[in-house]
Amino acid sequence: MHNTLEIRVHGRGGQGGVTCAKIVAAAYARLGKSAQTFGDYAGERSGAPVRAYTRIDDEPITNRNKVYTPDHLLVLDASLLGDDTLDGFAPGGLLLLNTPQPNASYGERFAAYRFATLDATSIARRHGIGTRSVVIVNTTLAGAYAKLAGISLEVLEATFAGLGVMSNFAAAQEAYEAVEVREPSLVGARAAVSVPLHNEREVGEIADHQSSPPTGLRTGSWSTQRPQYVENLAPCSAWCPAGNQVIEFIQAVARDGLDEAGRILGATQPLASVCGRVCPAPCMEGCNRKEYDGSVNIRGIERWIGDRVRLAPERVERRADAKRVAVIGGGPAGLSAAYELAKLGHAVTLYEGERELGGVLRTGIPVYRLPREVVDREIGAILDLGVEARCGEFLDATRTAAIAREHDATILATGLQELRPLDAPGAELAGIEQGIRFLHRVNLEGGARLSGHVVVLGGGNTAMDCARSALRAGASKVTVAYRRGEAEMPAIREEIEEAKHEGIELLVLRQPVAFHGDGRVTGVELAEVELGPPDDSGRRRPVVSARTSVLACDAVLLALGQSADTGFFPAGWELRDGRVYAGDEALTVFGAGDLATGDGTVTHAIGSGRRAAGLALAALGEDVEVFERPDRRCAVPVTDIRLDHFARAAMSPDRLLDVGTRVTSFDEVNLGMEHQHEVHRCFSCGHCTECDTCLVYCPEGIIRRGGPGYEVDYSYCKGCGICVEECPREAMRMSTL
Amino acid sequence: MTTQFVSANHAAALAVTLAGRANRGARGFGGGIYPITPQTECIEFLCTQEFDKGSLVRVESEHSAMAVCMGYSLSGARSFTASSSNGLAYMTENVYAASFYRLPIVMMAVNRTLGPPWNIWVDHGDTLMLRDTGWIQLYCEDNQEVFDSILMAYRVAEDRRVLLPAMVCQDAFVLSHTMMQTEVAEQEQVDRFLPELDLPHRVTHEPVTVGGLDFPHETEAHRAQHHAALGRVFDVYAEAQDEFEAIFGRRPADPVVPYRMEDAEHVVVSMGTTASTVRTAVDEAREQGFKVGALRLRMFRPWPEELLARWLVGRERIAVLDRDISLGHGGVLWSELRGLAPRDTLVQNYMLGLGGGDIRPGHITEILEDLRTREASGAPALMEVGQ
């Protein structure tokens, strides 16, 4: 029989146990011994218990099986020290343990063995072997073993050199000198071999599962961080001034259907069909898809929903202790405030100076952009909630004060009634008209007729509305003159494009300085403008030059902006930061919409009205959540989207009426999207779509579908972070334990 | 000649490097390679070697790997690839093609269990699946034999009397990944042992179609040629053994390797590394006074019928160990061998170590006891050895 020395190395995947056994074997081979070494190879990954084996003999080695009765045991990780580690261990055998504990601290434990300890981890770390997080101790422990096995430093050095691991030799040498050993003080018997010769498991019936129980090693206990499913702010939602849960309603169309999408939209606003037509869509500016292959057509989606399902609840129970709130101004801000209050069961009275509710939706925005049946339908749904409307009376200060007294709270949402005039010679000539008044005539007073060349002064949405309405009202030619460049025009981009498409001419960098005519305007004198250094807004300041020319025309529409008219405020009222004060006394009167903010869009007005409703209720002691605009800076940036997961696809455009038809009528120009496929372009930034990417990429296979989305088996999750790294939409994050 | 402490995968790669370089004066060396556990470290190592003429082509599959080898070989280059398990299964169509084209390609096959479910450990079922492909098959016991067998395989395969591909098989992990001392030859020695390849049907600048249509009588002729060539392998192998011994100073093992067979009444027949462990158990049985011997089958194709029959004459009981299972039948080795046993000899089949189960001397001792005590042979026995 051979007198074979059998060595078993116990380590964890990643510690280098197999290499440790190899170094030991190679060192013996240098001494002229027959050596054989091999490891357990399996599916083990980092952290799993791994064994390696070495046999040494003076004669050629024949055995090819694993080592069951070791004479020497090398244990790379003290946490592995269990009964199965000592399995079959010879009495008086050498046990070398990597531990920070001193040898003596083990007391009588292992007294039957030659017991050696070494803090190999500290030595290896000091020598920078491995990474900061994973120290590799194999070569260090091999150094200690050499000392115990009587292998000289010279042979060890030659072995390291031969295996190409000389960079680890200094640590091995330190271990060679540092290892503590205690000779056996007890006589023991060889430990039993617990591995049976035969598989005890019975073979099951024809198709029974043959599987092992999960490994006993709960690798999750090793992790320092773990993945979590989170919801991060999507840029579309962050950018929406109305506070719409944009990403939710888009995803609801894709997954839950239009009713659910409508419910989500209705939670924040009552005017989706309106916004889906006239909103400048800041959401689309923020959309992470913008620079990739074009923003998602969110406005089109909103319209798709608004035109098909009801947003407002069918009915709401009036609360017994309902607050009585007056809303003055029936435009989008007032409607939004009334809607919010009514939804919560409060009693709302809505005052409107015109004969019908709607404000700018009815007086300003032309019907070819916003058909009146759309306005009627959405306002009707608000009134269905029990909102009382009182129209046809423009309030004065006395009346306003009385209303404020009669109600628990009052919200002022009268918009911008003051029209900015143009202080230039000839401004009083006939044929020069405020654009807003012209639109009022077109929209509310049975129409207006124009002829010849009409010049519109201004560059905002009102200017575009005037220009396009003028064309439809009979003008043979329309020119828009604006003092800055086209890129600086505040109007919605699509409006400008559609206007140009209809034949309207833009004349940019022109400032009107005088009007010519004898009783009636025949021309407007325009000065050329140069762009100077940037002003406070960051835009280049227009500098009016002395070079002028006269543009012959038959009519001029002024669209130079509007401002708040506070003539109906009772004496002493002052609007500060959205609330009205009488001196230092804060009244339960709040401002909303353009009157308060001057942001100038329907969507801003809706958000503002909703916020004012919340502020009013909070001031009355109600426990309500006051709407705050989210911080855009917190939105998921495009750099956190894994673009590789998304195929490029063009936006589904809105369908437009052909130009020939549209300029001769007030029919709606934009016909909306053809289908709802557009929702599938949404990245769903920061919002899990249950796409299974995390599940597919998890190298441990421990993410499963379950719960609201997925469940991670944290008892096995080692915190590698691959799922988080691969999540296409930043709906996961790692958190430190 | 130097002694190196290397794994059998690396031993194979070192031998291939020397063999490949030895053909530098002719058409050089090349092959297609595709990794699969447990063969990967062999081809990784080979990829770090430099060849004066030719190179290895990294391809997308085993099927293509063999196709590249065929291209190299047809052009007169010495060619090599390595694979395992399901890789061999995927390669199979071209494994046949290589031998039907009579190309002396050498392939190292690391024996690994076929899946699914996936199992990376040793089992001989993968190369035994290829037993009818017309290749020479050698099974190795240790690192040195892997090294030597690669050289022997080229020598025999390229012999004008043979011109057939050869497969050098070794057990997954217990051999492929086990490091032991290995004698590595010098280039000059290998140059002497392996003459430059001169393939008679090498394609040159003349366009030819290889492997067109065979009519029945042509196929009959091709099969007869092929079969006869395999039959000549034994003589060619024996000559190569002599030549090898003369040059390298050690003698490669015979196609059938006896151990303590002098007066053996009971015989254990096995292949691969199992035979090592068998020897330990035979020694123990001998110490207890049992007349036990062992045979290791080193060459499975061509089937060394005469040698085996000679060794089995007069034995009372034979245990055939299979690390494989021909499902619905029994062990492959047993099924081929049992017909050779003399009348009145008890032949019992034991299938063990399937899927890489660790075969220990204790298992062999149990088998010897069963062999000794049973009254008659029975159905093939499947012995579960656990982990």
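Given the structure is predicted, the values throughout are model-derived calculations rather than measurements. (Residues numbered from 1 in each chain as written. Chains lettered and ligands numbered in written order. Predicted model: local features only at pLDDT ≥ 70, side-chain atom pairs only at ≥ 80, totals over all residues.)

### Quick notes on the overall build of chain B
Looking only at helices and strands, chain B features 13 helices and 15 strands. Evaluated residue by residue, chain B yields a buried proportion of 55% over its 387 residues. (Helix = DSSP H or I, 4+ residues; strand = E, 2+ residues; numbered from the N terminus. Buried ≥ 20, exposed ≤ 12 C-beta atoms within 10 Å, placed from the backbone.)

### Looking at the overall build of chain A
The helix and strand tally for chain A stands at 23 helices and 30 strands. Taken across its 737 residues, chain A has 45% of its residues classed as buried. Long-range pairs, those at least 24 residues apart, make up 71% of the contacts in chain A between residues at least 6 apart in sequence. (Contact = placed C-beta atoms within 7 Å.)

### Observations concerning the sheet that holds strand β14 (residues 346–352) of chain B
Residues and elements named next belong to chain B. In space, the 6 strands of this open sheet follow the order β9-β11-β10-β13-β14-β15, with mixed pairing throughout. Strands at the two margins of the open sheet, each flanked by one partner only, are β9 (256–259) and β15 (381–383). Strand-to-strand twist across the sheet, computed as the mean angle between neighbouring axes with direction ignored, equals 25°. Note: β9 against strand β11 (residues 292–297), 4 bridges, orientation antiparallel. Note on β11: the bridge partner recorded for V257 is R296. Of the strands in this sheet, β9, β10 (266–270), β11 and β13 (317–322) are in contact with helix α11 (residues 305–312), which crosses β9 at around 20°. Sheet strands in contact with helix α13 (residues 361–373) are β10, β11, β13, β14 and β15, and its direction is about 135° off that of β10. (Pairing = 2+ DSSP bridges. Axes fitted to C-alpha atoms, helices over the stretch in contact; angles between N-to-C directions.)

### Thoughts on the pairing of strand β10 (residues 347–352) of chain A
Residues and elements named next belong to chain A. Strand direction decides the pairing type here: strand β9 (residues 324–328) and β10, joined by 5 bridges, are parallel. Each residue of the ladder has a partner; that of V325, found in β10, is V348. Crossover β9 to β10 through helix α13 (residues 332–343) is right-handed. (Right-handed = clockwise from strand over helix to strand, strands pointing away.)

### Looking at the packing of helix α7 (residues 246–255) of chain A against helix α8 (residues 258–266) of chain A
Residues and elements named next belong to chain A. Here α7 crosses α8 at 170°, and the two axes come no closer than 7 Å. In terms of axis orientation, α7 runs roughly antiparallel to α8. Residues E248, F249, A252 and V253 of α7 form the contact with α8, whose participating residues are L258, E260, A261, I264 and L265. Grouping the constituent residues of the contact of α7 with α8 by class yields 7 nonpolar, no polar and 2 charged. (Parallel < 35°, antiparallel > 145°, perpendicular 65-115°, else oblique. Nonpolar A, V, L, I, M, F, W, Y, C, P; charged D, E, K, R; others polar.)

### Quick look at the interface of chain A and chain B
Reports often express the size of an interface as the amount of accessible area lost when the parts come together. Across the boundary between the two partners, chain A contributes 23 residues, which contact 24 residues of chain B. Listing elements by their share of the side of chain A that touches chain B, those giving two or more residues are α1 (17–30) and β2 (34–39) of chain A. Broken down by element, the residue count for the side of chain A that touches chain B peaks at 6 residues, all from β2 of chain A. Along the lines of polarity and charge, the residues of the side of chain A that touches chain B split into 11 nonpolar, 9 polar and 3 charged.

### Focus: helix α5 (residues 169–178) of chain A
Buried within α5 of chain A we find A171, A172, Q173, E174, A175 and Y176 of chain A. If you follow the buried residues of α5 of chain A, they end up packed against β6 (114–118), α2 (120–126), α3 (138–149) and α4 (153–163) of chain A.

### Looking at the pairing of strand β7 (residues 166–171) of chain B
All names here are of chain B. Here β7 lies mainly inside the structure; 6 of its 6 residues are buried. For strand β5 (residues 106–111) and β7, the ladder comprises 6 bridges, and the chain directions are parallel. Counted as the bridge partner of N111 is D171 from β7. As defined by bridge partners, strand β6 (residues 136–139) adjoins β7 across 4 bridges and the pair is classed as parallel. Its bridge partner being in β7, Q137 is matched across the sheet by M167. Traced from β6 through helix α6 (residues 143–157) to β7, the parallel crossover comes out right-handed.

### Quick look at the environment of C466 of chain A
Residue and element names in this part refer to chain A. Following the sequence through the fold, C466 ends up in helix α18 (residues 461–472). For the pair C466 and A559, spaced 93 residues apart in the sequence, the C-alpha separation amounts to 7.8 Å. With sequence-adjacent residues up to four places away left out, C466 is seen in contact with G435, F438, L439, V456, L557 and A559.

### A look at the sheet that holds strand β21 (residues 555–558) of chain A
Residues and elements named next belong to chain A. Overall, parallel pairing links the 5 strands, which are arranged β14-β21-β15-β16-β17 in an open sheet. Two strands lie at the open edges of the sheet, namely β14 (432–434) and β17 (505–508), each paired on one side alone. Pairwise comparison of adjacent strand axes, ignoring direction, gives a mean angle of 25° for this sheet. The pairing of strand β16 (residues 477–482) with β17 spans 4 bridges and is classified as parallel. Bridged to Y482 within β17 is V508. The strands touched by helix α17 (residues 435–444) within the sheet are β14, β15 (453–457) and β21, with β14 carrying the most contacts at an inclination of about 80°.

### A few points about the packing of helix α1 (residues 8–22) of chain B against helix α2 (residues 40–47) of chain B
Residues and elements named next belong to chain B. Running from amino to carboxyl end, α1 crosses α2 at an angle of 40°, the nearest separation of the two axes being 8 Å. The two elements α1 and α2 meet at a crossing, and its hand is right-handed. The segment α1 lies against α2, with N9, H10, A12, A13, V16 and T17 engaging E41, C42, F45 and L46. Residue composition of the contact of α1 with α2, grouped by class: 6 nonpolar, 3 polar and 1 charged. (Left-handed = near helix turned anticlockwise from the far one by under 90°.)

### A look at the nonpolar core
The biggest cluster of nonpolar side chains holds 178 residues, and the ones touching the most others in it are L141 of chain A together with I150 of chain B. Membership of the second largest hydrophobic core comes to 86 residues, among which are C275, V278, A312 and V360 of chain A. (Core = buried A, V, L, I, M, F, W, Y, C linked by C-beta atoms within 7 Å.)

### Topic: unusual backbone geometry
All names here are of chain B. Of note, the amide linkage connecting G115 to P116 takes the cis form, showing an omega dihedral of 0°. Within the secondary structure layout, P116 lies in the loop between β5 and α5 (125–128). The omega torsion across R301 and P302 is -5°, close enough to zero to call that bond cis. Here P302 shows up in the loop between β12 (299–301) and α11. Its identity is not glycine, yet S85 carries a phi of approximately 45°, on the positive side. By secondary structure assignment, the location of S85 is in helix α4 (residues 85–100).

### Notes on the confidence of the model for chain B
Residues with a pLDDT of 70 or more make up 100% of chain B, whose mean pLDDT is 96. Both scores are available for the predicted complex, with the pTM at 0.63 and the ipTM at 0.88. (pLDDT = per-residue confidence, 0-100.)

### With respect to the environment of A185 of chain B
Residue and element names in this part refer to chain B. By secondary structure assignment, the location of A185 is in the loop between β8 (179–184) and α7 (187–193). A185 gets classed as buried once you count the C-beta atoms within 10 Å, which come to 23. Measuring from C-alpha to C-alpha, the distance between A185 and T3 comes to 8.9 Å, with 182 residues separating the pair along the chain.

### Re the environment of V669 of chain A
All names here are of chain A. You can see V669 is positioned in the loop between α21 (659–662) and β27 (670–672). For V669, a count of 25 C-beta atoms within 10 Å gives the class buried. With sequence-adjacent residues up to four places away left out, V669 is seen in contact with Y368, R369, E498, L656, L657 and R662.

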